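Results of the structural survey
Take a look at the letters that make up each chain.
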Amino acid sequence: MFFKCKPASPPARINPHIAPAYMLYDAASALPSEQLCNAIYTAIADKPDVNPDHLEKLANRLGRLAHERNR
């Protein structure tokens, strides 16, 4: 299995002092694209207390990212 090199520091969107968020970012960045998308979807779908407004915001951000990558 191929693992990408870890970045020197996390992006500004990840707070390194919040350990679970940084650990999730670090682990997710090593996954292949399809496995990453499946893991994120499953984690969100299995968490019953996710705020619908946060899901809508995430969906918009992912849509914009997909559009930018397809250019």
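Rules used in this analysis
- Residues numbered from 1 in each chain as written.
- Predicted model: local features only at pLDDT ≥ 70, side-chain atom pairs only at ≥ 80, totals over all residues.
- Heavy atoms only, no water.
- Helix = DSSP H or I, 4+ residues; strand = E, 2+ residues; numbered from the N terminus.
- Buried < 20%, exposed > 50% of the residue type's maximum accessible area, 1.4 Å probe, protein only.
- Areas by Shrake-Rupley, 256 points an atom, 1.4 Å probe, with all protein chains shown as cover.
- pLDDT = per-residue confidence, 0-100.
- Salt bridge = Lys/Arg side-chain N within 4 Å of Asp/Glu carboxyl O.
- Contact = heavy atoms within 4.5 Å.

Focus on the overall build of the chain
Along its length, the chain carries three helices and zero strands. Listed N to C, the secondary structure of the chain is α-α-α in terms of helices and strands. A burial count over the chain gives 6% of its 71 residues as buried. Only carbon and sulfur atoms are counted for the fraction: they give 60% of the accessible area of the chain, which is about 6,400 Å².

Things to note about the confidence of the model for the chain
Per-residue confidence for the chain gives a mean pLDDT of 85; residues scoring 70 or more make up 77%. Summarising per-element confidence for the chain, the mean pLDDT is lowest in helix α1 (residues 19-28) (84) and highest in helix α3 (residues 52-70) (95).

Re the pattern of salt bridges
Summed over all chains, the structure comprises one salt bridge. Put simply, Lys47 and Asp49 hold a salt bridge, and the shortest N to O gap is 3.2 Å. Judged by relative accessible area, which is 56%, Asp49 ranks as exposed.

Details of the environment of Leu55
Summarising the element assignment, Leu55 is placed in helix α3. Judged by relative accessible area, which is 35%, Leu55 ranks as partly exposed. Sequence-wise, Leu55 and Ile44 are 11 residues apart; in three dimensions their C-alpha atoms are separated by 8.7 Å. If we ignore the near neighbours within four places in the chain, the residues touching Leu55 are Ile44 and Val50.

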